[in-house]
Amino acid sequence: MDVEARSDEVDRIVDAWRRERPDLDVEPLTVFSRVSRLARHLDRARRGAFARHDLETWEFDVLSALRRAGDPYRLSPGVLVAQTLVTSGTMTNRIDRLEERGLVERHRAPSDRRGVLVQLTAAGRQRVDAAMSDLLDVEARVLDALPAAVRPQLAALLRTVVAQFDE
């Protein structure tokens, strides 16, 4: 891997712990403190990208789930709950708020008269598409710090670590 090695705040933290607690194996900190710091920086960058399109992070999550569903951009509230990892009560509230903003509509499910489908409106699609483009630009700039050849390896390594939580 041809990545420049330089000292960072995590190195300083790890060195201090090694000095103060030489009996502990602090190696996990070398990875997870960086992951944690990166997550905080990415969260700020993502919120900024969404805000430029008048969206909150949770709004983007719901709208992007609908957009990824493909034409006609409809999903049941239950599928939205599963994809966004919130409770059904929270999802109902979110759908209400997105509907008030004209970004989604509720429709009766054709196969179940009691069922409801949530559909992305044209305005919602335009908003989520613009936010997604902005988000990808932001995230691509973050990855510019790494040579393109190592990015697939990093993605694979992170997939392995995250998979244990997704099972």
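Residues numbered from 1 in each chain as written. Predicted model: local features only at pLDDT ≥ 70, side-chain atom pairs only at ≥ 80, totals over all residues. Heavy atoms only, no water.

## Comments concerning the packing of aromatic side chains
Counting across every chain of the model gives 1 aromatic pair. Centroid distance Phe50 to Phe60: 4.2 Å. Interplanar angle 15°. Geometry classified as stacked. Pair noted here: Phe50 is in helix α2 (residues 27-51) and Phe60 is in helix α3 (residues 57-68), with a separation of 10 residues, a long-range link. Here Phe50 matches Phe60 in class, with each residue buried. (Phe/Tyr/Trp six-rings, centres within 6.5 Å; stacked < 30°, edge-to-face > 60°. Helix = DSSP H or I, 4+ residues; strand = E, 2+ residues; numbered from the N terminus. Buried < 20%, exposed > 50% of the residue type's maximum accessible area, 1.4 Å probe, protein only.)

## Considering the nonpolar core
Membership of the largest hydrophobic core comes to 23 residues, with the highest contact counts inside it found for Leu63, Leu66 and Leu80. If you list the elements that add at least two residues to this core, you get α3, α4 (77-84), α5 (88-100), β3 (112-120) and α6 (122-143). Examining the composition of this core, we find that 6 residues originate from one element, α3, more than from any other. When neighbours within four sequence positions are excluded, Leu63 is seen to be in contact with Leu55, Leu98, Leu103, Val104, Leu120, Gly124 and Val128. (Core = buried A, V, L, I, M, F, W, Y, C linked by side-chain atoms within 4.5 Å. Contact = heavy atoms within 4.5 Å.)

## So, the packing of α4 against α5
Direction vectors running N to C along α4 and α5 enclose 110°, while the axes themselves pass 10 Å from each other. One finds that α4 runs roughly perpendicular with respect to α5. Facing Pro77, Leu80, Val81 and Thr84 of α4, the residues of α5 in contact are Ser88, Met91 and Ile95. (Axes fitted to C-alpha atoms, helices over the stretch in contact; angles between N-to-C directions. Parallel < 35°, antiparallel > 145°, perpendicular 65-115°, else oblique.)

## Quick word on the UniProt feature "domain: HTH marR-type" (unreviewed entry) in the protein
As annotated by UniProt and renumbered to match this structure, "domain: HTH marR-type" (unreviewed entry) occupies residues 28-163. Secondary structure across residues 28-163 comprises 68% helix and 12% strand; the distance between its end C-alpha atoms is 18 Å. (UniProt positions renumbered as here; feature names shortened; annotations may be inferred.)

## As for α5
Spanning 13 residues, α5 covers 18 Å between terminal C-alpha atoms, matching the ideal 18 Å at 1.5 Å per step. Residues of α5 that are buried include every one of Met91, Arg94, Ile95 and Leu98, and no others. The buried residues of α5 occupy an angular sector of 100° when the element is viewed end-on, so they sit on one face. Packing partners of the buried residues in α5 comprise α3, α4, β2 (104-109) and β3. Positive backbone phi, approximately 80°, marks Gly102, located one or two places after α5. (Expected span 1.5 Å × (residues − 1). Arc of directions from axis to C-beta.)

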